[in-house]
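One letter stands for each residue in the lines below.
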Amino acid sequence: MELKSTQLNIANNVTSTVEELRSLALQKHIGLELEIELGDRTICQDSSALKRSLVNLLSNAIKFTEAGKVKVKVWELDEDKIAISVIDTGIGIAEEDLNK
């Protein structure tokens, strides 16, 4: 896969992706939250690859969450790095499978 990095507003990119998947969470009657803690919201990244990754993580989180919520959090690690996490109240991975 060839990546094509461009300047993008990470907050807008993540927000629009979350909103596109909100209907899936609503169908299951689970919450879908977004928390963004960024100063500079501009990054250089392949927007398609970022969206694809986030859609995969979010759709899996929604799929395996029967009750509760899914939360996406975006924050700065330092001036050159950000983190994106998808947290859910789903069944998780069995303890015996964590090492795989």
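Everything below is about the structure shown above.
Note that this is a predicted model, so its numbers are computed, not measured.

Conventions adopted
- Residue numbers here run from 1 along each chain, matching the order of that chain's written sequence.
- For this predicted model, a pLDDT threshold of at least 70 governs which residues receive local features, and a threshold of 80 or more governs which side-chain atom pairs are given and counted, while totals over whole chains, interfaces and linings are taken from all residues.
- Excluding hydrogens and water, the side-chain values take into account all heavy atoms of the structure.
- Put simply, DSSP H or I for four residues or longer makes a helix, DSSP E for two residues or longer makes a strand, and each gets a number counted from the N terminus.
- Throughout, a residue-residue contact means that at least one pair of heavy atoms, one from each residue, lies within 4.5 Å.
- Residue exposure ignores everything except the shown protein chains as possible cover, and the areas themselves are Shrake-Rupley values with a 1.4 Å probe.
- Here the positive residues are Lys and Arg and the negative ones are Asp and Glu; neither His nor the chain ends is included.
- Every charge is mapped to an atom, namely NZ of Lys, CZ of Arg, CG of Asp or CD of Glu.
- Here's how the labels work: a residue is buried when its accessible area is under 20% of the maximum for its type, exposed when over 50%, partly exposed in between, all with a 1.4 Å probe on protein chains only.
- For this analysis, a polar contact is any N or O atom pair within 3.5 Å, provided that within protein one partner can donate a hydrogen and the other can accept it, and provided that sequence-adjacent residues contribute only side-chain to side-chain pairs.
- Expected span of a helix, by definition, is 1.5 Å for each gap between consecutive residues, and there is one gap fewer than residues.
- Bend is the name given here to the angle between axes fitted to two runs of seven residues, the run ending at a residue and the run starting at it.

This next bit is on the overall build of the protein. The number of helices and strands found in the protein is two helices and five strands. When the helices and strands of the protein are placed in sequence order, the string is β-α-β-β-α-β-β. Once the C-alpha set of the protein is aligned to its principal axes, its extents read approximately 35 × 35 × 30 Å. In the protein, the proportion of contacts linking residues at least 24 apart, taken out of those at least 6 apart, comes to 71%. Counting every atom, the protein has about 6,700 Å² of accessible surface; 50% of that belongs to carbon and sulfur. For the protein, the distance from the average site of its 12 positive side-chain charges to the average site of its 17 negative ones is 5 Å.

Quick look at the environment of Asp46 now. Mapped onto the elements, Asp46 comes out in the loop between strand 3 (42–45) and helix 2 (47–63). Exposure remark for Asp46: the relative accessible area of 7% places this residue in the buried category. Along the chain, Asp46 and Lys4 lie 42 residues apart, while their C-alpha atoms are 5.1 Å from each other. Polar contacts involving the side chain of Asp46 include one to the main-chain amide nitrogen of Ser48, which spans 3.0 Å. There is a polar contact of 2.8 Å between the side chain of Asp46 and the backbone nitrogen of Ala49.

Since the α-helix turns once every 3.6 residues, residues separated by three or four places project in the same direction. Relative to the 26 Å expected for 18 residues at 1.5 Å per residue, helix 1 (residues 10–27) spans 27 Å between its end C-alpha atoms, a close match to the ideal helical length. The sharpest bend along helix 1 measures roughly 40° and falls at Leu21. Among all positions in helix 1, only Ile10, Ala11, Asn13, Val14, Thr17, Val18, Leu21 and Ala25 are buried. Check the buried side of helix 1 and you find it contacts strand 1 (6–9), strand 2 (31–37), strand 3, helix 2, strand 4 (69–78) and strand 5 (81–88). Capping the start of helix 1 is the job of one residue whose side-chain oxygen sits 3.0 Å from the backbone nitrogen of Ala11: Asn9.

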